[in-house]
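Inside the fold
Here's the letter readout for the chains.
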Amino acid sequence: MGSFNLTNFDAAMKHMYPYKKVENMVYQNNPLFSMIPKETHFAGRNATYAIEYGMTSGRSANFATAQNNRSGTKLEDFVVTRVKDYAVVSVDNETLLAADGSEGSLLDVAKAKTDSALHVLSRTMGRDIYRSGTGSVGETIAASGTYSGTTLELKPGHGVNFEVGMRLKASASDGAAFRDGVLEVVGIDRDADTLTTNVACTTGITGITNADFLYVEGDGANGGSNIKMSGLDAWLPSTVTSASFFGVDRTLDKTRLGGQRVSYDTDSVHTTIIKAAVKVGREGGRPDAMFINPTDWAELALDLEGKSAVAGTSSNRRYDPSDRKGQFGFSSLSIATPTGMVDVYADHNCPLNVGYLLQMDTWKFKSLGPAPRMLDFDGLKGIRQSSEDGVEYRWGYYGNLLCTAPGFNCRIALA
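Here goes a summary of the coordinates provided.

Calculation criteria
Residues numbered from 1 in each chain as written. Predicted model: local features only at pLDDT ≥ 70, side-chain atom pairs only at ≥ 80, totals over all residues. Heavy atoms only, no water. Helix = DSSP H or I, 4+ residues; strand = E, 2+ residues; numbered from the N terminus. Contact = heavy atoms within 4.5 Å. Areas by Shrake-Rupley, 256 points an atom, 1.4 Å probe, with all protein chains shown as cover. Buried < 20%, exposed > 50% of the residue type's maximum accessible area, 1.4 Å probe, protein only. Pairing = 2+ DSSP bridges. Core = buried A, V, L, I, M, F, W, Y, C linked by side-chain atoms within 4.5 Å. Axes fitted to C-alpha atoms, helices over the stretch in contact; angles between N-to-C directions. Parallel < 35°, antiparallel > 145°, perpendicular 65-115°, else oblique. Nonpolar A, V, L, I, M, F, W, Y, C, P; charged D, E, K, R; others polar. Expected span 1.5 Å × (residues − 1). Polar contact = N/O pair within 3.5 Å; in protein donor to acceptor, adjacent residues only side chain to side chain. Phe/Tyr/Trp six-rings, centres within 6.5 Å; stacked < 30°, edge-to-face > 60°. Lys NZ or Arg CZ within 6 Å of the ring centre and 35° of its normal. Salt bridge = Lys/Arg side-chain N within 4 Å of Asp/Glu carboxyl O.

**Here's the deal with the overall build of the chain**
Secondary structure summary: the chain contains 11 helices and 21 strands in total. Sequence separation of 24 or more characterises 73% of the internal contacts of the chain that already satisfy a separation of 6 or more. Carbon together with sulfur atoms contributes 50% to the accessible area of the chain, which is approximately 19,100 Å² in total.

Here you go:
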């Protein structure tokens, strides 16, 4: 058996991680990201497309009036730019040499490291598609309002977005300038939604307090332009403001340019979804999918379990939890609405108490080539590290989320 060198190691990496396999690894546990239509041609500096939010005023039962009031349609151009994200893994040369004549041992090590890099990248992409683009991954909360110890309390459900070893920055509001300092996560209690930090919280980050926003170091907007994917929270915000969004003042028509919003109906989650579908249908939309947190999904399932078509009869279940839809077989609840059947999916990336009722053909994840991909533009899978004794492998993507008809989609408050 010949020497196992960098050249045939590169070939082995290519064999282990063809694009379709990478796609499966990234998409399989991310329902929304898996199901969003993909386009891998994102040439040029940006993707510019127009949304018509108002018809011509040149219409009347009186010809002279129609002629006098004629005008062009109301159009706004969204100029969507790409964002980037990376995951890097390295294999040291000692391991490479030790595998001489034993390809399997090296490939096992390389696969474990690369799978880990792809997992963190896929987890980030699956999470970011729901978020605002500022880079924030959670918010602090504390009854005392102070963080003098090493315990960082988070809002309910936010603990799932953190990992041991993360280095965190903080800001007073979402996307604002960072406070001074950084904290490293050394422990997580996911049930209690608390983080243990390497030093006292206020020692690591000056002034950190209740209702601060947290970011993985290197991800935050830091008071400037967003550098992360503009997800559902960006396209369908809880409040539409005049702040420019990809060059558009969405207050010109908050619904058609900024999506729809529905508050929780105290009757049930089921009732809230029906009312949201009615509101979207009024604007001409036909939503066909909804994505919610597994906790909210369970509440909906229990709600549907108790529904009866006629008093005294057996339950009228408008769903089949064994129905597996989508490319990767995600289970869904199917709900009848005035605009058609809506499949409701549980996605662990979706924030608690927020749901998104979507018309899927109005969305697109547009990227420069496959996303994610091995960054091997020079033909080499691995790159010799200049300052370390090893070989580095880089993964990443260049792209962003687009919506061609925000008004056909709805953000739903579920609590």
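**Concerning the pairing of strand β17 (residues 363–367)**
Within β17, four of the five residues are buried, leaving the element largely enclosed by the surrounding structure. The sheet contact formed by strand β1 (residues 38–39) and β17 spans two bridges and is parallel. Each residue of the ladder has a partner; that of K38, found in β17, is F365. As paired elements, β17 and strand β20 (residues 390–403) share five bridges and run antiparallel to each other. Note that in β20 the partner of K366 across the bridge is N400.

**Quick notes on the nonpolar core**
Membership of the largest hydrophobic core comes to 49 residues, with the highest contact counts inside it found for L32, F78, W235, L358 and W363. Not counting the four nearest positions on each side in its chain, F78 is found in contact with A47, T48, Y49, I51, W235, F245, F246, V248, R250 and L257. Core analysis: the next-biggest nonpolar cluster, separate from the first, contains 20 residues, I292, L333, I412 and L414 among them.

**Some words on the sheet that holds strand β7 (residues 167–171)**
Pairing is antiparallel in the open sheet, where six strands are placed in the order β5-β10-β7-β8-β9-β6. Looking along the sheet, the strands with just one partner apiece sit at the ends: β5 (136–139) and β6 (151–153). When strand polarity is set aside, the average angle formed by the axes of neighbouring strands in this sheet is 45°. Taken together, the four bridges between β7 and strand β10 (residues 213–216) define a ladder with antiparallel strand orientation. For A170, the partnering residue across the bridge sits in β10 and is L214.

**Here we look at the pairing of strand β9 (residues 194–197)**
Of the strand pairs in this sheet, β6 and β9 are connected by three bridges, and their pairing is antiparallel. By the bridge assignment for β9, T151 is matched with T196. With four bridges joining them, strand β8 (residues 183–189) and β9 adopt antiparallel strand pairing. From the neighbouring strand, G187 faces β9, where its bridge partner is T196. In sequence, β8 turns back onto β9 through a hairpin of four residues, with D193 there showing a positive phi of about 55°.

**Concerning the packing of helix α10 (residues 269–282) against helix α11 (residues 294–305)**
Contact geometry of α10 with α11 gives a least axis separation of 8 Å together with a crossing angle of 100°. On the basis of the axis angle, α10 is roughly perpendicular to α11. In contact with V269, H270 and I273 of α10, α11 contributes E299, L300, D303 and L304. By residue class, the composition of the contact of α10 with α11 is four nonpolar, one polar and two charged.

**A few points about α10**
Helix length check: α10, at 14 residues, gives a terminal C-alpha distance of 20 Å against a target of 20 Å (1.5 Å per residue), a fit within 8%. Those residues of α10 that fall on the buried side of the exposure criterion are V269, H270, T271, T272, I273, A276, A277 and V280. Looking at the buried positions of α10, the neighbouring elements they touch are β11 (260–262), β12 (289–292), α11, β14 (330–337), β16 (354–358) and β21 (410–413). Structurally, the start of α10 carries an N-cap: the backbone nitrogen of H270 is 3.5 Å from a side-chain oxygen of S268. Following α10 by one or two positions, G284 has its phi on the positive side, about 100°.

**Concerning the packing of aromatic side chains**
In this structure the tally under the stated criterion is 12 aromatic pairs. Seen in terms of ring centroids, Y86 and Y398 are 6.4 Å apart; in terms of plane orientation they differ by 80°. Their pairing is edge-to-face. One end of the pair, Y86, is in strand β4 (residues 83–92); the other, Y398, is in strand β20, and 312 residues separate them in sequence. You can call Y86 partly exposed: its relative accessible area is 44%. The interplanar angle of 55° and the centroid separation of 4.7 Å between the aromatic rings of F245 and F246 together place this pair among those described as tilted. Here F245 matches F246 in class, with each residue buried. Cluster of aromatic residues (ring-pair linked, three or more members): Y49, F78, W235, F245 and F246. When the ring centre of F42 is taken as reference, the NZ or CZ atom of R82 above it lies at 5.0 Å. One cation-aromatic arrangement involves K366 over F42; the distance from NZ or CZ to the ring centre is 5.7 Å.

**Re the pattern of salt bridges**
Counted by the stated rule, this structure contains 13 salt bridges. Here D233 ties to R411 by a salt bridge, and the two come within 2.5 Å at their closest N and O atoms. Remark: R411 occurs in strand β21 and D233 occurs in helix α8 (residues 232–235); sequence separation between them is 178 residues. Given the relative accessible area of 22%, D233 is considered partly exposed. The closest approach of N and O atoms between R282 and E283, which form a salt bridge, is 3.8 Å. Of the residues examined, E283 reaches a relative accessible area of 24% and is grouped as partly exposed. In this structure, a network of salt bridges that share partners links the residues D85, R127, D128, D219 and K228.

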